[in-house]
Each structure stands twice: as structure tokens, then as C-alpha cells.
Amino acid sequence: MRISGIFKVAIVAMPLALASCKSTKNVVTEKPVTQEMLQTQEILQKVSGNTQDAKFITSKLRFQAQIGNQDISLTGNLRMKRDDVIRLQLMAFGFVEAARLEFTKDYVLIMDRINKQYLRAPYEQIDFLRNSGLNFYSLQALFWNELFQPGQSQLGQEQIDKFQTNIGGNDVIISLTQDKMTYKWLANRTDGKVRMANILYQDRIHGNSQLNWDYSEFKPLNQKSFPTESKILFTSGGKEVNVNITLNYLGNESDWETRTSISSKYKEVKVDDILRRFMSL
């Protein structure tokens, strides 16, 4: 079933208005379990049940990015190890590695192979990651097509119970609000697949930032399915970054080094410098 237009606009344009009923009484009464609550639990369990069991996910990829009036199109490889690393290797002319993006639990590594430059920094020093409330585990969930909660490496029942749901036909919006952040996912009620993730950061001083991640073209992987098309839109300060990632030949290769060694021939630079070089590839 096609995603409802109303739900898609709602998930991108504004946070859900979550009802928050506060009682002035000190006595807390337990609410009876309703059919709606059971329905919500069933949906959340179905969504979390789509989590991949594999330790590794690997694939060939096609990477397209647009920043302002600049466009790049590269091929490459995606290599991920659960709870350890996410790596994108981007190739120029199909055989020369031009750039590498590596996300670990401790740092982000961006390498410009052509000009022998690199940036390695903790997440809080990268503006667009900090403003989106993204760390390794939340990025991992986005790449692995999963629900997540900030600061949590995995979701147990206690965390799942904190999500709010809004059902409309065969579409379900799952949401969570925390401090200045609003997290939302659009899932299919029938199969529990996450079709979209949206992260909104609102700040009166620094302005708003928003990340929207669309998933499509699900293919079989380890008795489950995995999205092979990702359309990512990041907006902040009036600027937009569009990224499209297409995966081919999904697999579970494990024979690769999970950390990149940096040669002494490489020069460390600031994030603006390496992004400028990256866009000129």
C-alpha cells in the first residue's frame, strides 16, 4: 500500500502533538489495558522484530550527493559490523578510492584519498551530527533500518514502551520527544517495515536542523528484508544536503579490517576543508 500523503507530510513538516496529561493528585492509579494499547504493543513488536540478526552487512553501492548547485556521483562499498563500525568507501572512475567515511563508537573519520587529507573527531565536534542528536548507535539504527532511542545501544521492552504511536490506515507514525529533539518513524502496519525516519532538532538560538531518511526497495537478507534504496535529506541553517544511496549485492562478508590506519603522509584538516575537497571529487 502507498504511504498516505497526509501521514508523509505530517512526519516531515512538524512534530506530533503528544498528549501529556498531568494529575495534581499524589495517588497514581493504574490504567486498564485497552485494545488500543495491545494494538500499539503488537505494532512495536512487529517493527522491532524486523531487526537484522546478522553481525555484518556488506554491499556494493552507488552514492549520489547534492549540496546547493554541486552534484557528485560515485560508486563504492558499504561495510558494517554491528555495534562496532559503519564504513563507506567511495570510488572515482569505478576503481580508485577517492574518499572514505568511517563511523565508530568513539569518532568520525572522513578521508580524502585523492589529496591525502583526513578529519577524525568525536561526534560532538561535527555540527550536523551534534545538532541532529546523532551518535554511533543512532547512526547505526538509521543505516540498519531500525528504531532507536538516544543514548541506548539497544532497545528492550522498557525502551519500546516509551514510544508513542499514531495509526492511520496501514501507516503508523512512531514518535519520541526528548529535550530539543523529536524522533519519528513511519512504518507499515502490516509488515512492520520502517519506511521513513525523521529527526528534528529545535533551538531558539541555533535554529532548527532536520534529517529525513526514506527507505525503499526492500530485498531478502538473512530470512528478513533490507532496504536497498535510501534517500537522505538534511536541512540546517537554510542549507540542504541530499544524498541517495543504492545498494547492490547484499551480503555478510566478515573478512575485512574494521579500523582504518592513517598514513603519516596524510594531513589532518578541519571539517569545512575536507567537505570542500570532497565536493570537488
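Up top is the structure.
Per chain, residues are indexed from 1 in the order of the written sequence. At least 70 in pLDDT is required for a residue's local features to be given in this predicted model, at least 80 for side-chain atom pairs to be given and counted, and no such filter applies to totals for whole chains, interfaces and linings, which use all residues. Calculated side-chain values reflect all of the structure's heavy atoms, with hydrogen atoms and water omitted.

### Brief notes about the overall build of the protein chain
As a reminder of what qualifies: For the purposes of this entry, the term helix denotes a DSSP run of H or I that reaches at least four residues, the term strand denotes a run of E that reaches at least two, and both are numbered from the N terminus. With a 1.4 Å probe rolled over the protein chains alone, any residue whose accessible area is under 20% of its type maximum counts as buried; one over 50% counts as exposed, and the rest are partly exposed. Surface exposure here means Shrake-Rupley accessible area, sampled with a 1.4 Å probe, where a residue is shielded only by the protein chains that are shown.
Within the protein chain, the secondary structure is distributed over six helices and 14 strands. By the burial criterion, 44% of the 281 residues in the protein chain qualify as buried. When the accessible surface of the protein chain is split by element, carbon and sulfur atoms take 48% of a total near 15900 Å².

### Observations concerning the pairing of strand E1 (residues 56-67)
The criterion, for reference: Strand pairing follows a simple DSSP-based rule, namely that at least 2 bridges must link the two strands.
Pairing geometry for E1 and strand E2 (residues 70-81), over 12 bridges, is antiparallel. Note on E2: the bridge partner recorded for leucine 61 is glycine 76. A loop of two residues connects E1 with E2, the two strands running antiparallel in sequence, and glycine 68 in this loop sits at a positive phi of about 65°. Pairing of E1 with strand E13 (residues 239-251) involves nine bridges; the strand directions are antiparallel. Its bridge partner lying in E13, glutamine 66 is registered against asparagine 242.

### Observations regarding the nonpolar core
Selection rule: Residues enter a nonpolar core if they are buried and are Ala, Val, Leu, Ile, Met, Phe, Trp, Tyr or Cys, with the set joined through side-chain atoms within 4.5 Å. Contacts were defined at the residue level, with two residues in contact if any of their heavy atoms lie within 4.5 Å.
Counting residues in each nonpolar core, the largest one holds 59 residues, and the members touching the most others are Leu88 and Leu142. The contact partners of leucine 88, leaving out residues within four places of it in the chain, are Leu61, Phe63, Asn77, Leu78, Ala99, Arg100, Leu101, Phe103, Phe143 and Ile245. One finds Tyr107, Met111, Tyr118 and Tyr266 within the second-largest nonpolar core, a separate group that totals five residues.

### Here we look at the packing of aromatic side chains
For clarity, the cut-off: Any two rings among Phe, Tyr and Trp, with Trp reduced to its six-membered ring, count as a pair given centres within 6.5 Å; such a pair is stacked if its planes are under 30 degrees apart, edge-to-face if over 60, and tilted if neither. Distance and angle both matter: a charge sits over a ring if NZ of Lys or CZ of Arg is within 6 Å of the ring centre and within 35 degrees of the ring normal.
A complete count under the given rule lists eight aromatic pairs for this structure. Summarising the aromatic geometry, the rings of phenylalanine 163 and tryptophan 185 are spaced 5.5 Å apart at their centres and angled 90° between planes, so their arrangement reads as edge-to-face. With phenylalanine 163 in the loop between helix H5 (157-160) and strand E7 (164-168) and tryptophan 185 in strand E9 (residues 181-188), this pair connects stretches of sequence that are 22 residues apart. Judged by its relative accessible area of 4%, phenylalanine 163 is buried. Each residue in the set Phe103, Phe143, Trp213 and Tyr215 is aromatic and connected to the rest through ring pairs, giving one cluster. The ring of tryptophan 144 is capped by arginine 82, whose NZ or CZ atom sits 4.1 Å from the centre of that ring. Of note, arginine 120 hangs over the ring of tyrosine 107, and the distance from its end group to the ring centre comes to 5.5 Å.

### Regarding the pattern of salt bridges
Applicable threshold: Just to be clear on terms, a salt bridge is a Lys or Arg side-chain nitrogen sitting within 4 Å of an Asp or Glu carboxyl oxygen.
In the structure shown here, the tally under the stated rule is eight salt bridges. A salt bridge links aspartate 84 to arginine 259; its shortest N-O distance comes to 2.9 Å. In this pair, aspartate 84 sits in the loop between E2 and strand E3 (85-92) while arginine 259 sits in the loop between E13 and strand E14 (267-268), placing the two residues 175 residues apart along the sequence. Classification of arginine 259 by relative accessible area gives partly exposed; the value is 34%. Close ionic contact of glutamate 97 with arginine 100 constitutes a salt bridge, the shortest N to O distance being 2.8 Å. One exposure class covers both glutamate 97 and arginine 100, and it is buried.

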